[in-house]
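A closer look at the structure
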Amino acid sequence: MTVKLHINGSVSRFSGDPMTPLVDVLRRERYLTGTKAVCREGFCGACTVDVDGAAVMSCLRPVGLLDGATVTTVEALSPGEGPLHLLQAAFEAADVVQCGMCFPGVVMSLSPFLRDNPAAGRAEVKAAMAGNICRCTGYERIVDAVMDVLGRQNREHVHD
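Read on for an overview of the structure. (Residues numbered from 1 in each chain as written. Predicted model: local features only at pLDDT ≥ 70, side-chain atom pairs only at ≥ 80, totals over all residues. Heavy atoms only, no water.)

1. Regarding the sheet that holds strand 4 (residues 54–57)
Just so we agree on the cut-off: Strands pair, by our definition, only if DSSP identifies at least two bridges between them. Strands here mean DSSP runs of E at least two residues long; helices mean DSSP runs of H or I at least four residues long; both are numbered from the N terminus. Between N-to-C directions, angles cover 0 to 180 degrees, with each direction set by a line fitted to C-alpha atoms, over the stretch in contact for helices. Contact criterion: two residues are considered in contact whenever any of their non-hydrogen atoms come within 4.5 Å of each other.
Spatial strand order, 2-1-5-3-4: five strands in an open sheet with mixed pairing. The open sheet is flanked by strand 2 (10–15) and strand 4, the only strands paired with a single partner. Within this sheet the neighbouring strands show an average axis-to-axis angle of 40°, counted without direction. Running at roughly 100° to strand 3 (residues 48–51), helix 1 (residues 22–29) makes contact with strand 1 (2–7), strand 2, strand 3 and strand 5 (70–72) of the sheet. Its contacts with the sheet put helix 4 (residues 103–116) on strand 3, strand 4 and strand 5, and the angle it makes with strand 3 is roughly 40°.

This is the structure in C-alpha cells:
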C-alpha cells in the first residue's frame, strides 16, 4: 500500500505495510528522530506528533489510516537555525530539559493545547500533560514554563 503524507510541509510517500506505526515511518524512513520511540504502547507520550491539528501518539497510529494527513513533528517547530518555538524557549529558560526523552512529546502535546486554550490555568495545563511521562523533572517546572508562555501570549494579545 502507498500512503501520501504531508510531513513538515513536504509531500512524502510511504510504500509498505499499512500497519506500520507512524513513529517508524518518521524515524526510519524520513530520519526525523526528534520523535522518540520509547514504550511503543501509547503510555509515555514521547512519540507525540501533530496530525491534522491534533496531538497523536504516533506509536499507536498505523500509517495506513493517514493517507493525505498533515503531520508535524518537533523538528518543524524550530527548523534549522531559526528561533526556538515559544514553548521550547520557555522550557530552556526554566531548565526543564534533563534527559530529553520526553521533551519532544511534551512540546508536541502542549503546542496545540496552547493554541486552543490561551486562558488556561495550572490545573488545565496539568490535565493537558496527561499521557506524557517525564522521569526527571517532577512536572512543576514544565507547568511553570507553560504558564510563562500563556502569560506572554496574553500580554502580547492585549497589546495587539
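2. Focus: helix 1
Basically, it comes down to this: Between buried and exposed lies partly exposed: a residue is buried under 20% and exposed over 50% of the maximum accessible area for its type, with that area taken using a 1.4 Å probe on protein chains only.
Buried residues of helix 1: Leu22, Val23, Asp24, Val25 and Leu26, and no others. Summarising the contacts, the buried residues of helix 1 are in contact with strand 1, strand 2, strand 3 and strand 5.

3. So, the environment of Ser78
Inclusion rule: Any pair of nitrogen or oxygen atoms within 3.5 Å is treated as a polar contact; in protein, a donor-acceptor pairing is required on top of that, and neighbouring residues in sequence qualify only through side-chain atoms on both sides.
Tracing the backbone through its elements, the reader meets Ser78 in the loop between helix 2 (74–77) and helix 3 (86–93). Leave out the neighbours within four places in its chain, and Ser78 touches Pro83, Leu84, His85 and Gln88. A polar side-chain atom of Ser78 sits 2.9 Å from the main-chain carbonyl oxygen of Pro83.

4. Remarks on helix 4
Note the following rule: What a helix should span is 1.5 Å times the count of its residues minus one.
The terminal C-alpha atoms of helix 4 lie 20 Å apart, and with 14 residues this matches the ideal 20 Å at 1.5 Å per residue to within 8%. Of all 14 residues in helix 4, 12 are buried, a share of seventy percent or more. Along helix 4, the positions that sit buried rather than exposed are Phe103, Pro104, Gly105, Val106, Val107, Met108, Ser109, Leu110, Ser111, Pro112, Phe113 and Leu114.

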